[in-house]
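Single-letter residue listing:
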Amino acid sequence: GWDLDGKIGDELVASNRGRVMLAADRFYSGGTVIIDHGQGLITMYFHMSRIDVLAGDMVEKGQHLGAVGMSGQVTGPHVHFVVKLDHTNQDARYLVALKLDDDAALSNAGPATPGVSSPP
């Protein structure tokens, strides 16, 4: 995971579109939101002071989830941001650095190999 500094009450937003799998208080992770983005990609937000979404909610990229906090087993206010792909932890900094809009434009540009058709 990646510890992101913040002040208690700072707004926390979704990294991308997905369905909220869990929105609850836990002993170690405190205020916890877990979002399933599909295709095996899951993001987790820990130590929140306030959770403003419910399990089952669909959220959009940039949508308000709650607030930075100091809940659970921590020594200071922050958000612990975790990314999992197919049940394996990933370095969240690399995911955040991706320019996915560029990838989408390339995938819609047509076949990469002459004579090979793209899916509809």
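Structure: see above.
Residues numbered from 1 in each chain as written. Predicted model: local features only at pLDDT ≥ 70, side-chain atom pairs only at ≥ 80, totals over all residues. Heavy atoms only, no water.

Caption draft 1: Quick look at the nonpolar core. One finds V33, I35, Y45, V59 and L65 to be the most contacted residues of the largest nonpolar core, which totals 15 residues. Elements represented by at least two residues in this core include exactly β4 (30–38), β5 (41–48) and β9 (78–85). Ranked by the residues each element gives to this core, the list is headed by β9, at three residues. Those residues in contact with V33 that lie beyond four places of it in its chain are V20, L22, A23, T43, M44, Y45, M48, I51, V53 and L65. (Core = buried A, V, L, I, M, F, W, Y, C linked by side-chain atoms within 4.5 Å. Buried < 20%, exposed > 50% of the residue type's maximum accessible area, 1.4 Å probe, protein only. Helix = DSSP H or I, 4+ residues; strand = E, 2+ residues; numbered from the N terminus. Contact = heavy atoms within 4.5 Å.)

Caption draft 2: Spotlight on the pairing of β9. Note: strand β1 (residues 2–5) against β9, four bridges, orientation antiparallel. For W2, the partnering residue across the bridge sits in β9 and is F81. Bridge count between β5 and β9: six bridges; the pairing is antiparallel. Residue pairing in the sheet places I42 in a bridge with K84 of β9. What sits between the antiparallel neighbours β9 and strand β10 (residues 88–90) is a turn of two residues, in which D86 has the positive phi angle 50°. (Pairing = 2+ DSSP bridges.)

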